[in-house]
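Below are the chains, spelled out letter by letter.
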Amino acid sequence: MDKLAIRKLYDTLLDEMGPQGWWPAESKVEIILGAILVQNTNWRNVDKSLSHLKSATGFLPEEILKLPLEELETLIRPSGFYRNKARAIQASFQWFDHHKWDYQAMQYEYGKQLRSEILKLHGVGFETADVFRVFIFDQPAFIADAYARRLFSWLTGNSYTTYQSLYQEINLPDDFTYEEAKEFHGLIDEFGKLYLGKNGQVKGNFLSNHP
DNA sequence: GGCCAGGACACCA
DNA sequence: TGGTGTCATGGC
């Protein structure tokens, strides 16, 4: 899809569904945790883990960094893959802490290498890295998660089995702001939950409203 | 009871 | 480079 079509898709989703106000969190620290915990997991399970973390640490980075690995694993157990995710949380928090949580300075230091630096964190792959870019560093970027793959697979008829094949095809229009990139991700995921099944089938009545 | 949910990684050819 | 197995919990 070309950039004009991407813009049109964004406008259509926004018109139809209204602003989603993603990411569902009250702070960037909470977003970092949620982005890792939600990997291949239902958000309902993430909520339980976040709730545990909040009571244990108040989402204070120094408190989270203080947690022994085993205790961290116990707190996030409900969201699954807790060993991998505990390591990913520690790696990410150590990285941000090393940079004193100065997101601006980190962008200035790494520049165009920011994404590849994020990808060095153990347990942080393409999708979580792009969530960081959009929701932590306020950069306009496209996040090719499972719902995005389903949506574009449905729209184009291609089967986007991998992240890369979709990423090569999707480039946000140059005038896309980071606010719009956040909104786009929220719209795609909420749309996907409502209308797109795993095997490519379309649920609900969206199609009848939008032939 | 099987299937699924907003991935990442090690290992293999 | 691309395919496959593994990691794990909780809701439906």
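Attention here is on the structure that accompanies the text. (Residues numbered from 1 in each chain as written. Chains lettered and ligands numbered in written order. Predicted model: local features only at pLDDT ≥ 70, side-chain atom pairs only at ≥ 80, totals over all residues.)

### Overview of the overall build of chain A
And then number 1: Summing up its helical and strand segments, chain A has 13 helices and 0 strands in all.
And then number 2: When its C-alpha atoms are laid out on the principal axes, chain A stretches across 55 × 35 × 30 Å.
And then number 3: A total of 211 residues make up chain A; the buried ones form 28% of that total. (Helix = DSSP H or I, 4+ residues; strand = E, 2+ residues; numbered from the N terminus. Buried ≥ 20, exposed ≤ 12 C-beta atoms within 10 Å, placed from the backbone.)

### Structural notes on the protein's contact with DNA strand B
And then number 1: Not every one of the 26 residues close to DNA strand B is listed here, only the nearest: Gln39, Gly125, Thr128, Ala146 and Lys198.
And then number 2: The set of elements that each furnish at least two residues to the surface near DNA strand B consists of α9 (126–136), α10 (146–156) and α12 (178–195).
And then number 3: Its residues assigned to classes, the surface near DNA strand B comprises 11 nonpolar, 10 polar and 5 charged. (Near = placed C-beta within 6 Å. Nonpolar A, V, L, I, M, F, W, Y, C, P; charged D, E, K, R; others polar.)

### Here we look at unusual backbone geometry
And then number 1: Here the residue pair tryptophan 22 and tryptophan 23 is connected by a cis peptide bond, since its omega of 5 degrees sits within 30 degrees of zero.
And then number 2: Position of tryptophan 23 relative to the elements: it lies in the loop between α1 (3–17) and α2 (28–37).
And then number 3: Unlike most non-glycine residues, lysine 100 shows phi in positive territory, near 55 degrees.
And then number 4: Inspection of the secondary structure assignment puts lysine 100 in the loop between α6 (82–98) and α7 (103–110).
And then number 5: With 9 C-beta atoms packed within 10 Å, lysine 100 lands in the exposed category.
And then number 6: Residue aspartate 138 is not a glycine yet carries a positive backbone phi of 55 degrees.
And then number 7: Of note, aspartate 138 is situated in the loop between α9 and α10.

### Considerations on the nonpolar core
In globular proteins that are soluble, nonpolar side chains generally tend to be buried together.
And then number 1: Judged by nonpolar contacts, the single largest core of 43 residues is most densely connected at Leu33, Ile36, Leu37, Ile89, Phe132, Ile143 and Ala148.
And then number 2: When residues of this core are traced back to their parent elements, those giving at least two are α2, α3 (43–57), α5 (69–75), α6, α9, α10 and α12.
And then number 3: What isoleucine 89 contacts, discounting residues up to four positions off in sequence, is Leu33, Ile36 and Leu72. (Core = buried A, V, L, I, M, F, W, Y, C linked by C-beta atoms within 7 Å. Contact = placed C-beta atoms within 7 Å.)

### Some thoughts on the environment of phenylalanine 132
And then number 1: Here phenylalanine 132 is to be found in helix α9.
And then number 2: Owing to 27 C-beta atoms within 10 Å, phenylalanine 132 belongs among the buried residues under this scheme.
And then number 3: For the pair phenylalanine 132 and isoleucine 31, spaced 101 residues apart in sequence, the C-alpha separation works out to 8.4 Å.
And then number 4: Residues in contact with phenylalanine 132, not counting those within four places in the same chain, are Ala35, Ile118 and Phe137.

### Re the protein's contact with DNA strand C
And then number 1: Taken together, 14 residues are adjacent to DNA strand C, and Arg77, Pro78, Gly80, Phe81 and Arg83 come closest.
And then number 2: Mapped by element, the contributors of at least two residues to the surface near DNA strand C are α3 and α6.
And then number 3: Ranked by the residues each element gives to the surface near DNA strand C, the list is headed by α6, at 3 residues.
And then number 4: When its residues are assigned to classes, the surface near DNA strand C shows 3 nonpolar, 8 polar and 3 charged.

### Some words on the packing of α2 against α6
And then number 1: At a minimum axis separation of 9 Å, α2 and α6 run at an interaxial angle of 150 degrees. Taken together, the axis directions place α2 and α6 in an arrangement best described as roughly antiparallel. Where α2 crosses over α6, the handedness of that crossing is right-handed. In this structure, α2 contributes Ile32, Leu33, Ile36 and Leu37 to the contact, and α6 contributes Lys85, Ala88, Ile89 and Ser92. (Axes fitted to C-alpha atoms, helices over the stretch in contact; angles between N-to-C directions. Parallel < 35°, antiparallel > 145°, perpendicular 65-115°, else oblique. Left-handed = near helix turned anticlockwise from the far one by under 90°.)

### Regarding α2
And then number 1: Summarising burial for α2: 7 of the 10 residues are buried, a large majority.
And then number 2: Within the span of α2, buried status applies to Val29, Ile32, Leu33, Gly34, Ala35, Ile36 and Leu37.

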